[in-house]
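One letter stands for each residue in the lines below.
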Amino acid sequence: MRVLVIGSGAREHALVVALRRDPGVSAVCAAPGNPGIAQQADVRPVDPCSAEAVVALATDYDADLVVIGPEVPLVLGIADAVRAAGIACFGPSASAARIEGSKAFAKDVMAAAGVRTAHSEIVDHPGELDAALDRFGPTWVVKDDGLAAGKGVVVTPDRSAARDHAAELLEQGHPVLLESFLDGPEVSLFCLVDGETVVPLLPAQDHKRVGDGDIGPNTGGMGAYTPLPWLPDDAVAEIVETVVKPVAAEMVRRDVPFSGLLYAGLAMGQAGPAVVEFNCRFGDPETQAVLALLDSPLGELLNATATGTLDRAEAPRWKHGAAITVVLAAENYPARPRTGDVITGVGPESAEPNTEVLHAGTSLREDGALISSGGRVLNVVATGADLTEARSHAYARIAGIKLAGSHFRTDIALGAVESRIAIPSSWSVRRSS
């Protein structure tokens, strides 16, 4: 099977690495890719948001399967164009991708499916803002109703900060979604979905805030880990049955069946799982950790999803142990990041056992030097017998990478290691009764 991966970040780099491990995959190409991906696959300078360009490349490459990584091409309908050309594609239609592209659409689907989520209101006029804010709090959750790459959310006990963010979004012409605050630790659960067939992957936890101890603004994600030692063994099955399957069935009922990766972001609160958000693709940086533990052929799973045969596919197998992802970010990220700085210490001579460096925002200078070109620059992914060992490998590896002004969180998975994360006791009582 020849596979074309669309995208240029660390998530796509992780997909390429996992696809290359699949003995059933004979060739991998990425578009537009990045310098790290170029060391492991063909890369082509194609605009991932151009349906014409993606279809032309898939045809020219004689791709058997196209895998679309980022959300923007999916919302724009690139998967529809690939399928219309007669090529199997892993990724939902534009209509189904609205589960991420429009939070209002997602709320409507969840309400019809009977899925627990936060109470919400849409505000699309500045004159309605203050009255709406008064109906929420004392912790305000303010979201951009459209795509915001994980950075359009403010969660704050400060009403004025909530108002400022909402007013800024409205000034930019973006409707604002106000939500009630959901308690409990968060879980990212990725599910392969083919109509009403749902196959869960390992649950993971993302670290959204920029600083240690979950301080500072939200980012696209500063790190992640899997598995979650604090999550009850049967929680994934409960989430699949009470959240993902009902949503998948409701989308089939609406004649917009989902095909691809449905990502449920959940708060595991006192009343049980509640949806924070749905995404229509693999999450970043959780994917990097999850795929590091996958022991099944990834291409086989993605192709089964894309071709409507997921119900006949073998269930995913997983390696023992744990995996973590630590993001190295550029100076000033998540605001306007500094770019163009030389990166050293990423070559094989700097390798640490059980680690991989994935490229997220890098490019090559004319003289061949590797330089930063984005906010999240590199991911260090490490595995170990447990989270403690995986953390040790990851932080030993990232210590050898040099990028002026860069920063990373030092506490990825630390709360889990130190047993500081727990499901509310009232949920355990509810589940055992």
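If you check an unreviewed UniProt entry, the chain appears there as Phosphoribosylamine--glycine ligase from Nocardia jiangxiensis. The UniProt entry for the chain carries this comment under Catalytic activity (unreviewed entry): "5-phospho-beta-D-ribosylamine + glycine + ATP = N(1)-(5-phospho-beta-D-ribosyl)glycinamide + ADP + phosphate + H(+)". Of the chain, the UniProt comment under Sequence similarities (unreviewed entry) reads exactly: "Belongs to the GARS family."

Draft legend 1. Structural view of the packing of aromatic side chains. All told, the structure shown has four aromatic pairs when counted by the stated rule. With 6.1 Å between their ring centres and 35° between their planes, Tyr-395 and Phe-408 make a pair best called tilted. One end of the pair, Tyr-395, is in helix α13 (residues 387–398); the other, Phe-408, is in the loop between β24 (402–403) and α14 (414–417), and 13 residues separate them in sequence. Judged by its relative accessible area of 30%, Phe-408 falls in the partly exposed class. Positioned above the aromatic ring of Tyr-61, the side-chain terminus of Arg-2 is 4.1 Å from the ring centre.

Draft legend 2. Representation of the packing of helix α1 (residues 10–20) against helix α12 (residues 298–306). Running from N to C, α1 and α12 cross one another at 110°; their axes reach a closest spacing of 7 Å. The angle between the axes of α1 and α12 places the two elements in the roughly perpendicular class. On α12, the residues touching Leu-15, Ala-18 and Leu-19 of α1 are Leu-298, Gly-299 and Leu-302.

Draft legend 3. Quick peek at the sheet that holds strand β3 (residues 42–43). Pairing is parallel in the open sheet, where five strands are placed in the order β3-β2-β1-β4-β5. Taken across any chain shown, the strands that pair with only one partner, and hence form the sheet edges, are β3 and β5 (88–90). Where strand β1 (residues 2–7) meets strand β4 (residues 65–68), four bridges bridge the pair, whose relative direction is parallel. Opposite Val-5, over in β4, you have Val-67 as the bridge partner.

Parameters at a glance
Residues numbered from 1 in each chain as written. Predicted model: local features only at pLDDT ≥ 70, side-chain atom pairs only at ≥ 80, totals over all residues. Heavy atoms only, no water. UniProt positions renumbered as here; feature names shortened; annotations may be inferred. Phe/Tyr/Trp six-rings, centres within 6.5 Å; stacked < 30°, edge-to-face > 60°. Helix = DSSP H or I, 4+ residues; strand = E, 2+ residues; numbered from the N terminus. Buried < 20%, exposed > 50% of the residue type's maximum accessible area, 1.4 Å probe, protein only. Lys NZ or Arg CZ within 6 Å of the ring centre and 35° of its normal. Axes fitted to C-alpha atoms, helices over the stretch in contact; angles between N-to-C directions. Parallel < 35°, antiparallel > 145°, perpendicular 65-115°, else oblique. Contact = heavy atoms within 4.5 Å. Pairing = 2+ DSSP bridges.

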